[in-house]
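Commentary on secondary and tertiary structure
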Amino acid sequence: MRRLCLALVAMLALAAPLRAEEDAAPAIRDVIRSQIDAFLAEDVERAFSYASPGIQGVFRTPETFGRMVRQGYPMVWRPDEVRFLELEERDGALHQRVLIEDAEGARHLLDYRMEPGREGGWTIDGVRILEAPEVAA
């Protein structure tokens, strides 16, 4: 009986991070989608509001942030299609993978590092462009 209890405790401990990811996924996707919608509307002030305090500190103004995104992440500035892939915990942070197809049909795989924000929300603490797999349409 003792072994069964220990096994159950171990299973619950391993499942807790997975449950946290599942619980956070809708809110994280909403934040990323909202920022992309703000870029599409050319509302850099609103897009900037979804960035973490650290990112805001680096770029200081919405205009500087918007310029960086237009130049460095044009697929995020003007996506044609956005598809959310897996959300996973790495190094103590949640990372959301996003597949974006740009207006020319090129696919881009991005890794969004998320940070807990105020009032239980989430902010975007960085985006890396990953090597996109060849995916059939």
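Residues numbered from 1 in each chain as written. Predicted model: local features only at pLDDT ≥ 70, side-chain atom pairs only at ≥ 80, totals over all residues. Heavy atoms only, no water.

A look at the pairing of strand β4 (residues 122–130)
Note the cut-off: Any two strands are treated as partners once DSSP identifies two or more bridges connecting them. Per the convention used, a helix needs a DSSP run of H or I reaching at least four residues, while a strand needs a run of E reaching at least two, with both numbered from the N terminus.
Here strand β3 (residues 107–116) runs beside β4; their pairing, made up of 7 bridges, is antiparallel. The residue of β4 that forms the bridge with Glu115 is Thr123. What sits between the antiparallel neighbours β3 and β4 is a turn of 5 residues, in which Glu119 has the positive phi angle 55°.

Description of the confidence of the model for the protein
We apply this condition: Scored from 0 to 100, pLDDT reflects the predictor's confidence in each residue. In what follows, a contact means two residues having at least one pair of non-hydrogen atoms within 4.5 Å.
The share of residues in the protein with pLDDT of 70 or more is 80%, and the mean pLDDT across the chain is 87. Put simply, helix α1 (residues 2–40) is where the protein has its lowest mean pLDDT, 71, and helix α2 (residues 44–49) is where it has its highest, 98. For residues 5–17, every residue scores under 50 in pLDDT, and the model assigns this stretch 0 contacts once sequence neighbours within four places are set aside.

Details of the pattern of salt bridges
Let me state the cut-off plainly: Here a salt bridge means any side-chain nitrogen of Lys or Arg lying within 4 Å of a carboxyl oxygen belonging to Asp or Glu. Residue burial is assigned from relative accessible area. The probe radius is 1.4 Å, only protein chains are included, and a residue is buried under 20% of its type maximum, exposed over 50%, and partly exposed in between.
Under the defined criterion, the tally for this structure stands at 10 salt bridges. The salt bridge partner of Arg46 is Asp43, with a shortest N-O separation of 3.4 Å. Given the relative accessible area of 32%, Arg46 is considered partly exposed. Of the residues examined, Asp43 reaches a relative accessible area of 30% and is grouped as partly exposed. Residue Arg128 is joined to Asp111 by a salt bridge in which the shortest nitrogen-to-oxygen separation is 3.9 Å. Here Arg128 is found in strand β4, whereas its partner Asp111 is found in strand β3, with 17 residues between them in sequence. Residues participating in the shared-partner salt-bridge network are Glu86, Glu88, Arg90, Arg97, Asp111 and Arg128.

Some remarks on the environment of Met114
Structurally, the position occupied by Met114 is in strand β3. The class of Met114 is buried, set by a relative accessible area of 2%. Separated by 18 residues in the primary sequence, Met114 and Gln96 place their C-alpha atoms 7.5 Å from one another. Leave out the neighbours within four places in its chain, and Met114 touches Ile28, Val31, Ile32, Ala93, Leu94, Trp122, Thr123, Ile124 and Asp125.

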